[in-house]
Amino acid sequence: MEPALIPPAHVTFLGIPGAFFSVLIPVVGVALFTYIMAKRLAPMVLAAPDFRFDRVKDRVAAVIKLWLGQFKQPRYRTAGILHIMIFAGFIILSLRSISLVIIGVSPDFHLPGMAGGPGHVYNILKDYAATMVFIACAIAAYRRAIVKPARYAVPEKYGHDHTGEAIFVLGLICTLLISESLFEATAVVGNIQAGLPVEALAPLTLAWLFKLMLSGAGTGALQGLHTAGYFVHDLTFFFFLCFLPLGKHFHVITSIFNVYFMKLDRGAVKPVRHGVSEDKLDELESFGVKKFEDFTWKHMLDFYSCADCGRCSDQCPANAVGRPLSPRFISIKARDYAFGHYPLRGPFKSGEPLIGGIYTEDEIWSCTTCGACEEECPVTIEYINKMVDLRRGMVDEGNVPQSLQKPLAALEKRGNPYGKMEKKRAEWVKALAKEGGPEVKVFDGGDTAETLYFVDSVTSYDDRIQEIGKATARALSAAGVDYGILGSLEKDSGNEVRRFGEEMLFVELKEQNTEAIFESGAKRIVTADPHAFNTLRKDYKGLPPVEHISQFLSRAIAEGRIKLKAGEGEGNGEGAVYTYHDPCYLGRHNLLYDAPRQVLDAIPGLKRVEMTRCKDRSFCCGGGGLYLFYEPIEDRRMGQVRVEMAAEAGASVIVTACPFCLVNIEDGIKTSGMEGKITAIDLVELVCRHMDVAN
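Residues numbered from 1 in each chain as written. Predicted model: local features only at pLDDT ≥ 70, side-chain atom pairs only at ≥ 80, totals over all residues. Heavy atoms only, no water.

Caption draft 1: Just the overall build of the protein chain, in detail. For the protein chain, the helix and strand inventory stands at 27 helices and 11 strands. Counting only C-alpha atoms and orienting by the principal axes, one finds that the protein chain spans roughly 100 × 60 × 45 Å. Excluding contacts between residues fewer than 6 apart, the proportion of contacts in the protein chain whose partners are at least 24 apart in sequence is 79%. With the model as given, the accessible surface of the protein chain reaches about 28900 Å², and the carbon-plus-sulfur share is 59%. (Helix = DSSP H or I, 4+ residues; strand = E, 2+ residues; numbered from the N terminus. Contact = heavy atoms within 4.5 Å. Areas by Shrake-Rupley, 256 points an atom, 1.4 Å probe, with all protein chains shown as cover.)

As structure tokens, then:
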């Protein structure tokens, strides 16, 4: 049965059939899109290699969860819900957009399986999806233009914001929705007026509203709107497709690929160059990233995939305390560089150094490698690897902050950033013995044990942090563990060294530690330092199983090997309120959130509260990446901000499970004037104070 209105394929313009334009528009659109994409892919072809083709099942699962399921979007509730509405609508409406392109040539076309009943069901779903997206776009436009959330703002030094582009794209989306709904509604009204059978439109949808508005229109007006609706949709669809790779909305195309090729191993750092083993590093002419083409193709894909949502910078502790770093602009400036040096027209432009060009030295040194930005990004953009690679490039050029030159030289000479003698690594063991503590075996003296306690540098040499070492020894002894330490054979684990960019020094430290660990004969390793825990697990190869002390304590308490009793509070009276600060390298980088809390909750009578920023949104103390020895440009110290967060939560005792965190939080207590009101203690120290040694 012929419809009342002439289909777009059969309409003529100056004697030319509409089907000609229905073919011309997609052909030109696809050709132009292909050309633009070829230009955009050019720098990726010239980029450094990156091996991202393994673990297919894990990658597909990530796409289903993070891209299709939009798992991270609700972390910012309003914006997240709006994005999910628009994304879900696009997925549903994509079938309709595809079919419309073909309908312009073949009016009776139906996608396979979409004829009859299934097609009716889809049409109802599609109409509600279009209405949902239209409402979401209207709200999103209001937020962008009127509400203007602070995370969307662009400081003057970074150029202008992208509000105009965002509103323009929302307008394009609405044009697609309106034109498609108008095309459908006019066909229904025309058939009703001609007495032909029609498919009922879903109530309270755009198409339904247009049907009501046009119910009295004449055939000529309906035909004009019907034809215009189709070709406006067709032109807008292909214009939109070609516009996407020109700005921040490139992520609509690239995000699925960016999620598929995401970094799967938390806490790990990419090699200096994929395909080059450590024993061949000295053959490389250059280390790290110095020019744009030194980035890997995946990192360039990251730049293209940035949605400019500002979530990374909103969660970045460096940005929060006024350091000259905003992760968002690490991506945006690199994308702008790619667009400028690989233009759509004309020859490619010669490269220039990134440091001093688009990035400043202080900007790159400001990162603590805490991972908050990566945790928040809904399209899994990586930042730590880029920061490490940029630092590798600077270190290779001898460009090292003056305050870090001394600890680096000490690490190279003595295996620790303090420059102290190797034989003094085990001095705290002698102090523990004088205090009546347990005997600690030392492997460099010929002792053997089943378990190696890897102490690391800060616990070995810092007077305050040595108390964590003593407490760990007491806890291990109380649980009946046969353990020992490497003593002078132990070198710094190298977690900070590697993330600082000194790869060759890290390799040397790793080789010396690996040899000492294997020679010790230990069957397992335990450490109270999350930084050592992370690097021994992620950067070393073939070691015995590594465990953080919080995991050991949780298990030992559950098994009854360590019994706990109630205490009187930690210097704040019987009414002490505890809060746990998640260390970045224990939490975000290794997903250890529950074990420390289980230990705290096992202490009888202990009252615990959570800070607003906790678990995977924990706020970095500022100690990662050798920052115990570096004074960056900042308005406030991160430890001070964290102490203020604890005070807001009503806590009087901050418990952490990392020596770096303890140093910075105790410093934050002093600088924030909270002495006498808040104290800090390490988890293993707290356990030792509550151990029921009588049982």
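Caption draft 2: A look at the domain arrangement of the protein chain. Partitioning the protein chain into structural domains gives domain 1 (56-260), domain 2 (415-558) and domain 3 (577-689). There are 2 salt bridges connecting domain 2 and domain 3. Residue Glu666 is joined to Arg464 by a salt bridge in which the shortest nitrogen-to-oxygen separation is 3.2 Å. Joining domain 2 to domain 3, the criterion identifies 9 residue pairs in polar contact (both at pLDDT 80 or more). (Domains from an automatic or database assignment. Salt bridge = Lys/Arg side-chain N within 4 Å of Asp/Glu carboxyl O. Polar contact = N/O pair within 3.5 Å; in protein donor to acceptor, adjacent residues only side chain to side chain.)

Caption draft 3: Broad picture of the pattern of salt bridges. With the rule as written, the count across this model stands at 50 salt bridges. Among the salt bridges present, the one from Lys126 reaches Glu180, with a minimum N-O distance of 2.9 Å. Linking Lys126 in helix α4 (residues 117-147) with Glu180 in helix α5 (residues 163-193), this pair joins segments that are 54 residues apart in sequence. Owing to a relative accessible area of 4%, Glu180 belongs among the buried residues under this scheme. Between Arg597 and Glu610 there is a salt bridge, and its shortest N-O distance comes to 2.6 Å. Placement of Arg597 in helix α24 (residues 594-601) and of Glu610 in the loop between β9 (607-609) and α25 (638-648) is noted, with a sequence separation of 13 residues between them. Overall, the relative accessible area of 4% leaves Arg597 in the buried class. By sharing partners, the salt bridges in this structure join Lys270, Asp389, Arg392, Arg498, Arg499, Glu503 and Asp539 into a single network. (Buried < 20%, exposed > 50% of the residue type's maximum accessible area, 1.4 Å probe, protein only.)

Caption draft 4: Representation of a nonpolar patch on the surface in the model. Together, Val56, Val60, Ile64, Leu68 and Ile91 make up a nonpolar patch on the protein surface, roughly 400 Å² of accessible area in all. Among the elements that line the nonpolar patch, the one with the most residues is helix α2 (residues 56-68), at 4 residues. Position of Leu68 relative to the elements: it lies in helix α2. Judged by its relative accessible area of 45%, Leu68 falls in the partly exposed class. (Patch = residues over 30% accessible without salt bridge, like charges linked within 9 Å, V, L, I, M, F, W, Y side chains within 5 Å.)

Caption draft 5: Structural view of the side chain of Ser305. With respect to the helices, strands and loops of the structure, Ser305 is situated in helix α9 (residues 297-305). A distance of 2.8 Å separates a polar atom in the side chain of Ser305 from the backbone oxygen of Leu301. Every residue in contact with Ser305, bar those within four places of it in the chain, is listed here: His251, Thr254, Ser255, Asn258, Val379 and Ile381.

Caption draft 6: Layout of the nonpolar core. Membership of the largest hydrophobic core comes to 174 residues, with the highest contact counts inside it found for Phe292, Tyr359, Phe552, Leu553 and Ile562. The residues contacting Ile562, other than those within four sequence positions of it, are Ala475, Ala479, Phe552, Leu553, Ala556, Ile557, Val687 and Met691. (Core = buried A, V, L, I, M, F, W, Y, C linked by side-chain atoms within 4.5 Å.)

Caption draft 7: Structural detail: the pairing of strand β6 (residues 524-527). Pairing geometry for strand β4 (residues 451-453) and β6, over 3 bridges, is parallel. Among the inter-strand pairings, Leu452 is bridged to a residue of β6, identified as Ile525. Judged from the 3 bridges that link them, β6 and strand β7 (residues 546-548) form a sheet pairing that is parallel. Bridge pairing in β7 links Ile525 to Val546. Taken together, β6, helix α22 (residues 530-538) and β7 form a β-α-β motif whose crossover is right-handed. (Pairing = 2+ DSSP bridges. Right-handed = clockwise from strand over helix to strand, strands pointing away.)

Caption draft 8: Inspection of helix α27 (residues 683-690) at higher detail. Of all the 8 residues making up α27, 7 are buried; the element is thus mostly covered by neighbouring parts of the structure. Taken together, the buried positions of α27 are Leu683, Val684, Glu685, Leu686, Val687, Cys688 and His690. For α27, the N-terminal capping position is held by Asp682, with its side-chain oxygen 3.1 Å away from the main-chain nitrogen of Val684.

Caption draft 9: Broad picture of the state of the cysteines. Here the structure, examined in full by the defined rule, presents 0 disulfides. Distance from the sulfur of Cys377, which forms no disulfide, to the nearest cysteine sulfur (Cys309) is 6.3 Å. The cysteine Cys621 is free of any disulfide, with Cys661 supplying the nearest cysteine sulfur at 3.8 Å. For Cys621, a relative accessible area of 5% gives the class buried. (Disulfide = S-S within 2.5 Å.)

Caption draft 10: Main features of the packing of α5 against helix α6 (residues 206-213). Taken N-terminus to C-terminus, the directions of α5 and α6 make an angle of 50°; their axes are 8 Å apart at the nearest point. Taken as axis vectors, α5 and α6 run oblique relative to one another. Crossing handedness for the pair α5 and α6: right-handed. Note on element contacts: α6 touches α5 through Leu206, Ala207, Phe210 and Lys211, opposite Leu177, Ile178, Ser181, Leu182, Glu184, Ala185, Val188, Val189 and Ile192. (Axes fitted to C-alpha atoms, helices over the stretch in contact; angles between N-to-C directions. Parallel < 35°, antiparallel > 145°, perpendicular 65-115°, else oblique. Left-handed = near helix turned anticlockwise from the far one by under 90°.)

Caption draft 11: Molecular detail of the sheet that holds β9. Spatially, 4 strands are ordered β9-β8-β10-β11 in an open sheet, and the strand pairing comes out parallel. Pairing within the sheet leaves two strands with one partner each, and these edge strands are β9 and β11 (679-682). Each neighbouring strand pair of the sheet contributes to a mean axis angle of 35°, computed without reference to strand direction. Here 4 bridges tie strand β10 (residues 653-656) to β11, and the two strands are oriented parallel to one another. Its bridge partner lying in β11, Ile654 is registered against Ala680. Where α27 meets the sheet, its contacts fall on β8 (577-580), β10 and β11, and the angle it forms with β11 comes to roughly 90°.

Caption draft 12: The arrangement of the packing of helix α1 (residues 18-46) against α9 in detail. Running from amino to carboxyl end, α1 crosses α9 at an angle of 145°, the nearest separation of the two axes being 8 Å. As for how α1 packs across α9, the hand of that crossing is right-handed. Counting all contacts with α1, which are made through Arg40, Pro43 and Met44, the residues of α9 involved are Trp297, Met300, Leu301 and Tyr304. Per-class residue counts for the contact of α1 with α9 are 6 nonpolar, no polar and 1 charged. (Nonpolar A, V, L, I, M, F, W, Y, C, P; charged D, E, K, R; others polar.)

Caption draft 13: A look at the sheet that holds strand β3 (residues 441-442). The strand order across the open sheet built from 5 strands is β3-β5-β4-β6-β7, with neighbouring strands paired in parallel fashion. One side of each edge strand has no neighbouring strand; the edge strands of this open sheet are β3 and β7. With respect to the sheet, helix α19 (residues 466-478) is in contact with β4, β5 (483-485) and β6, its orientation differing from that of β4 by roughly 160°.

Caption draft 14: Examining the environment of Gly469 more closely. Considering the arrangement of structural elements, one finds Gly469 in helix α19. In the structure, Gly469 is positioned 67 residues away from Leu536 in sequence and 18 Å away in space, judged by C-alpha atoms. Filtering out sequence-adjacent residues up to four positions away, Gly469 remains in contact with Trp428, Tyr453 and Thr459.

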